[in-house]
Amino acid sequence: MGQYIIQNINENGYLVTSLEEIASLLLDVEKILKIIQTFEPLGVGARDLKECLLIQIKEKGDLDSLVVDIVEKYLDDIACNRMIKISKELNINIEKMQEVCDYIKTLEPKP
């Protein structure tokens, strides 16, 4: 992006491209990345583990709001095996919590 901006500075040192045009290119990059992330293996190009898992959940059509919520907010707690803490905060039983964790473990953390 910086290179694009530099290439659009004229000989007088003025930026000749509007910020709107530059911003639209950034949006295009985001759209392209979203497409790439749907390639095999699913989640490739994710910027972190959370995004990787959410991409897989979305593409598999498993949009259980509880699973999404746990991945979005409690990934560190899952990694540290704090299922009781999560189940208390979300007011769900430990069996349901274990079921969600088992599902999350089926996802690929490193596509």
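1. Here we look at the packing of helix H5 (residues 83-90) against helix H6 (residues 94-105)
- Relative orientation of the contacting elements H5 and H6 amounts to 115°, with a least axis distance of 9 Å. For the pair H5 and H6, the sense of crossing is right-handed. Counting all contacts with H5, which are made through Met83, Ile84, Ile86 and Ser87, the residues of H6 involved are Ile94, Met97, Gln98 and Cys101.
- Tallied by class, residues from the contact of H5 with H6 come to six nonpolar, two polar and no charged.

2. Description of helix H3 (residues 49-60)
- For H3, spanning 12 residues, the distance from its first C-alpha to its last is 17 Å, which sits close to the expected 16 Å at 1.5 Å a residue.
- All of the buried residues along H3 are Glu51, Cys52, Leu53, Ile55, Gln56 and Ile57.
- Where the residues of H3 are buried, they touch helix H2 (19-36), helix H4 (65-79) and H6.
- Looking at where H3 begins, the residue whose side-chain oxygen comes 3.3 Å from the main-chain nitrogen of Lys50 is Asp48.
- In the segment just after H3, Gly61 is the residue with positive phi, at about 80°.

3. Notes on H6
- Look at H6: 16 Å from first C-alpha to last across 12 residues, which is about the 16 Å you get at 1.5 Å a residue.
- Buried residues of H6: Met97, Val100, Cys101 and Ile104, and no others. Axial view of H6: buried residues confined to an arc of 100°, hence all on one face.
- Where H6 begins, one side-chain oxygen reaches toward the backbone nitrogen of Glu95, 3.2 Å away; that side chain belongs to Asn93.

So, how was this worked out
Sequence order as written defines the numbering, with residues in each chain counted from 1. pLDDT decides what is reported in this predicted model: residues at 70 or higher carry local features, side-chain atom pairs at 80 or more are listed and counted, and totals for whole chains, interfaces and linings draw on all residues regardless. Remark: hydrogens and water are excluded; side-chain values derive from all non-hydrogen atoms of the structure. For helices, the axis comes from a line fit to the C-alpha atoms of the stretch in contact; other axes are also lines fit to C-alpha atoms, and the angle between any two N-to-C directions lies between 0 and 180 degrees. Secondary structure follows DSSP: runs of H or I at least 4 residues long count as helices, runs of E at least 2 residues long count as strands, and numbering of each begins at the N terminus. Working rule for handedness: look at the near helix, and if it is turned counterclockwise from the far one by less than a right angle, call the crossing left-handed; if clockwise, right-handed. What makes two residues a contact is simply this: any of their non-hydrogen atoms within 4.5 Å. Note that Gly is not counted as nonpolar here; it falls among the polar residues with everything else outside the nonpolar set of Ala, Val, Leu, Ile, Met, Phe, Trp, Tyr, Cys and Pro and the charged set of Asp, Glu, Lys and Arg. To estimate how far a helix should extend, the number of its residues minus one is multiplied by 1.5 Å. Exposed residues in this analysis have more than 50% of their type's maximum accessible area, buried residues have under 20%, and partly exposed residues fall in between, with area computed by a 1.4 Å probe over protein chains only. For the purposes of these results, a polar contact is taken to be a pair of N or O atoms within 3.5 Å, where, inside protein, one atom must be able to donate a hydrogen and its partner to accept one; residues adjacent in sequence count only when each atom of the pair is a side-chain atom. As used here, the arc belongs to the directions running from the helix axis to the C-beta atoms.

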